[in-house]
Every structure is written in C-alpha cells, then in structure tokens.
Amino acid sequence: MDDLTKTAAPSDVSRRAFLKQTGLGITGASLATMLEARQAPAQIRGTSLRILLWSHFVPAYDVWYDQFVKEWGDKNGVRVRVDRIPHLELPARLAAEFAAGSGHDVIYNNGTILTGLYHKHLLDVTDISERLANKWGGWIPAVVPVSVVEGRWYAIPDYYILLPML
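None of these values were measured; they are calculated from a predicted model.

J.: How should I be thinking about the sheet that holds strand β1 (residues 48–54) in this particular structure?
T.: Each strand in a sheet pairs with its neighbour through backbone hydrogen bonds, running either in the same direction (parallel) or in the opposite one (antiparallel). Pairing is parallel across the open sheet formed by 3 strands, whose spatial order is β2-β1-β3. Since the sheet does not close on itself, it has two edges, and those belong to β2 (79–85) and β3 (106–107), each with one partner. Bridge count between β1 and β3: 2 bridges; the pairing is parallel. Directly across from L52, in β3, lies its bridge partner I107.

J.: What exactly am I supposed to notice about the nonpolar core here?
T.: Nonpolar side chains tend to gather and get buried jointly when the protein is soluble and globular. Core analysis: the largest hydrophobic core is formed by 16 residues, its most contacted members being I51, L53, Y65 and V82. Of all the secondary-structure elements, those providing two or more residues to this core are β1, α2 (59–76), β2 and α3 (90–100). Here this core gets 4 residues from one element, more than from any other, and that element is β1. Beyond its immediate stretch of four places on either side in the chain, Y65 contacts I51, L53, V82 and R84. The next biggest cluster of nonpolar side chains, apart from the first, holds 5 residues, and it includes V125, I128, V148 and W153.

Here is what the cut-offs are and how they apply
- Residues numbered from 1 in each chain as written.
- Predicted model: local features only at pLDDT ≥ 70, side-chain atom pairs only at ≥ 80, totals over all residues.
- Heavy atoms only, no water.
- Pairing = 2+ DSSP bridges.
- Helix = DSSP H or I, 4+ residues; strand = E, 2+ residues; numbered from the N terminus.
- Core = buried A, V, L, I, M, F, W, Y, C linked by side-chain atoms within 4.5 Å.
- Buried < 20%, exposed > 50% of the residue type's maximum accessible area, 1.4 Å probe, protein only.
- Contact = heavy atoms within 4.5 Å.

Dropping the structure here:
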C-alpha cells in the first residue's frame, strides 16, 4: 500500500491525538493571549478541560483554585474538571496516563521534575515561556534543567518545595 492510500479511519484517532493535532496551533497562538485577556477564544467554547493537580498542603488554596477555574470555565463556556491526588502519587499517575496515551489535558507536575522523562508526551510551550519571560523579566537559570529539553520548553515552572528559588 502506498503512503497516499494509508489513511486512518476516524475511529482510529484518539482524543489525545485529535487534541494534539488540532489544538497545537490553536494552543500555541492563543493560550498566552487568552490568559492575558482572561477569556478563551471562541474555538474552545463548548469543550472540556481536565486538570490534574496535587492536593495542596494549604486547603484554602484548593478552595480558591476551584472557584477560579469555575468562574473562568463559566465565563468561557468550558467545562473544567479538576482532579487532585497526593503529590507522592503524581509520578505513578503520570506514567500510567502517558503509557495509556490518554488522561488529563493539563498536569501540575509539582515542580516539573519529570519533564525530561516525559517531554515526548508534552506539548512544546516555548512560545508561552518566551512571552512570560518577556513580560516578567526572564527566568532564573535554575529553571532551565527542570523545564527545557533539547532546547525547547515543555513546562512552565512556578516553584518546587525543594527548589524554592523557582
């Protein structure tokens, strides 16, 4: 069979593959704009977003975050689901989701320590990282080893308990 006749049936395309193929351009071009405007582009209205977070050690943070994502989701027509697990269970959960090729759309990897291991399963967020750096004065050198693989950003660092300088 030549390459032109090899096409996948629509049922062969997983949700993750569809999101990766169609959402990569939309995400790269609009995520930073969306975050700055605090409003989603029309293309994502009516969709859902699944977020995996650690169960925060400050319970009030979880309450605040739930309210924040609910308000954002309501305003933008996006169904947002936040799942929380203890931080020590994150590595096993990530391994299972990446092995299965499905799972959450956004993960909080508790300091992005596993970025180097899983970068082939993550979207390149270099453009977002560069916009944040330009807006807020750059990144400290310590974030590079936990966020950049082969010259591309696959994580947006915020902090890590063991590395508070992030």
